[in-house]
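As a plain string of letters, each chain reads:
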Amino acid sequence: MANRNAKGRLVVVSNRVALPRQTATGGLASALQAALHELGGLWFGWSGKLAAETGAEVHRLHDAKVDYATIDLSRADHDDFYTGFANGTLWPMLHYRPDLVDYQRSHLEGYLRVNEIFAQHLCQLITPEDVLWVHDYHLIPLAAMLRQRGVRNRIGFFLHTPLPAAGLLIALPNHRELLETLASYDLIGVHTTRDLRALEDYFLHEAGASMRLGGRMRSAGGRVFRAAAFPISIDTAGIARTASDAGAHKEINQLRTSLDGRALIIGVDRLDYSKGLPQRFEAFARLLERAPELHRQVTFMQIAPPSRGSVLEYRQIRRELERSAGHINGKYATPDWAPLRYINKSFPHRLLAGYYRSARVGLVTPLRDGMNLVAKEYVASQNPDDPGVLILSRFAGAAQELPTALLVNPADTEEVADALQRALNMPLPERRDRWRAMMKVLEHNDITFWRKAFLSALTEKAPVAQRRVAETLG
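Residues numbered from 1 in each chain as written. Predicted model: local features only at pLDDT ≥ 70, side-chain atom pairs only at ≥ 80, totals over all residues. Heavy atoms only, no water.

## Observations concerning the overall build of the chain
- Helices and strands together make up the secondary structure of the chain, namely 17 helices and 16 strands.
- Counting only C-alpha atoms, the chain reaches 70 × 45 × 40 Å along its principal axes.
- Residues classed as buried in the chain amount to 57% of the 474 residues present.
- Considering only contacts in the chain between residues 6 or more positions apart, those separated by 24 or more positions represent 76%.
- When the accessible surface of the chain is split by element, carbon and sulfur atoms take 49% of a total near 19,100 Å².
- Taking the 59 positively charged and 51 negatively charged side chains of the chain as two groups, their mean positions are separated by 3 Å. (Helix = DSSP H or I, 4+ residues; strand = E, 2+ residues; numbered from the N terminus. Buried < 20%, exposed > 50% of the residue type's maximum accessible area, 1.4 Å probe, protein only. Contact = heavy atoms within 4.5 Å. Areas by Shrake-Rupley, 256 points an atom, 1.4 Å probe, with all protein chains shown as cover. Lys, Arg positive; Asp, Glu negative; His and termini not counted. Charge placed at Lys NZ, Arg CZ, Asp CG, Glu CD.)

Here's what the structure looks like:
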């Protein structure tokens, strides 16, 4: 492992760890890797594997300046912590779906138990000078458990999901037991000012906190902490380069040939009820119904890799989409044209960038999303001389940064169909103007800017007003 006398390391903690050969270019993992290599550090989390006992052994790996430490989970802990509470309770609640919450006290107990095991191992791996950066809803109470063990390091937390309003958060059973532990972090990062308002409102009106000078809050227990909006982004320049080279790939040329001059609409989403896919299919069907002149002129390709197949709601949405795709193609297809291509597998980033560049329309319409990096990747992948049009849900975090996209309510079938028709008919000068405005934002706020801004705010000893940070980023 790392030298125990090392100074000022960055320690990243997340549910899953991206080992060196597993890091996907351009994503969050590569951004965290860059920070770790720059500062020297450690990445700790779950190995992704199951074992007889949780945390019985710490698996260690060293690569360049970075140490990796992972532990296995038992089947029971995986089912309670990951499948049960994290994905069965927190995920739907954070995505405004309390109707899908499956709360069981045993799941909460398992969630807290795994976080305790994480804290126990971390205490053996860190030095007093290390700076800790904890990621996502799987590890909300981790800092509180570390503080109970005497850890005084600076600890930051970043939430990668949306954060609903306090009025909805209080519907979470035992919400104060869990959410008040966030005050044990020195800095809490969220994606948008909307999320920031929700966090502040919860602490000020539900958890008895008070606001202090410099944008800090004091919890009911007396701990002072900060919160700020840090909209996560992408490797803008890298994705643009990858997309511009896409013509060299056989698969991209095969796609373009198969379109036979037709305009391509593309959607790329993990198969999840938060992504609004049934509503998206319905809007495309409505477009075909009311615009027969577009028949055989447009193709919609939806890429939706399966996820969490053991969860009932995910199996149900997959069956629903399969029926909808079959119905649309059965009604409108001709011998030489299938209007909808529905694909249940993932593709490498180099191919996705080429697919984005080939598409006249990027259709990104989640019901709720913390940010949605597909929207940003679509923009970065476009040909500057002939860019496509982004249709974006108002309820994705990216909408606050990309207002020149065609913003829609994903639940309004007619509005999405209107946007599709407008995008397909949009003149080139307007497409260029809209794209340039979005690209300017992404060139400034790329993934490197995001992680440097967060770490700068976390390690800054003087008070920093969270709203000033948010304004700088926004």
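## Some remarks on the side chain of lysine 376
- Along the polypeptide, lysine 376 turns up in helix H13 (residues 373-380).
- Side-chain polar atoms of lysine 376 contact the side chain of glutamate 401, separated by 2.6 Å.
- With residues near it in sequence (within four places) discarded, lysine 376 still touches Pro231, Ile232, Ser233, Ile234, Met371, Glu401, Leu402, Leu442 and Asn445. (Polar contact = N/O pair within 3.5 Å; in protein donor to acceptor, adjacent residues only side chain to side chain.)

## A few points about the sheet that holds strand E16 (residues 406-408)
- Overall, parallel pairing links the six strands, which are arranged E13-E12-E11-E14-E15-E16 in an open sheet. What marks the edges here is a single partner per strand, and that holds for strand E13 (340-343) and E16. Direction aside, neighbouring strands of the sheet carry axes that sit 20° apart on average.
- In this sheet, strand E12 (residues 298-303) lies alongside strand E11 (residues 263-268) in parallel orientation, the contact comprising six bridges. Within E12, the residue paired with leucine 264 across the bridge is threonine 299. (Pairing = 2+ DSSP bridges. Axes fitted to C-alpha atoms, helices over the stretch in contact; angles between N-to-C directions.)

## Some thoughts on the nonpolar core
- Among the nonpolar cores identified, the biggest contains 99 residues, and Leu142 and Phe203 are the most heavily contacted of them.
- Here this core gets eight residues from one element, more than from any other, and that element is helix H3 (residues 105-125).
- Taken together, domain 1 (10-229) and domain 2 (236-444) each give at least three residues to this core, which thus spans both.
- Residue contacts for leucine 142: discarding those within four places in its chain leaves Val13, Asn115, Phe118, Ala119, Leu122, Val134 and Tyr185. (Core = buried A, V, L, I, M, F, W, Y, C linked by side-chain atoms within 4.5 Å. Domains from an automatic or database assignment.)

## Remarks on the confidence of the model for the chain
- Chain-level pLDDT for the chain is 92 on average; 93% of the residues reach the 70-or-more range.
- Across residues 1-6, where pLDDT falls below 50, the model places 14 contacts with residues more than four positions away in sequence or in other chains.
- Of the regions scoring below 50 in pLDDT, residues 462-474 engages in 31 contacts with residues more than four places distant in sequence or in other chains. (pLDDT = per-residue confidence, 0-100.)

## Some words on the environment of alanine 171
- The residue alanine 171 is located in the loop between helix H5 (166-169) and helix H6 (175-179) in this model.
- Exposure remark for alanine 171: the relative accessible area of 45% places this residue in the partly exposed category.
- Taking the C-alpha atoms as reference, alanine 171 lies 8.5 Å from methionine 93; in sequence the two are 78 residues apart.

## A look at helix H16 (residues 447-459)
- Along its 13 residues, H16 runs 18 Å from first to last C-alpha, staying within 8% of the 18 Å computed at 1.5 Å per residue.
- Within H16, burial applies to Ile447, Trp450, Arg451, Ala453, Phe454, Leu455, Ala457 and Leu458. (Expected span 1.5 Å × (residues − 1).)

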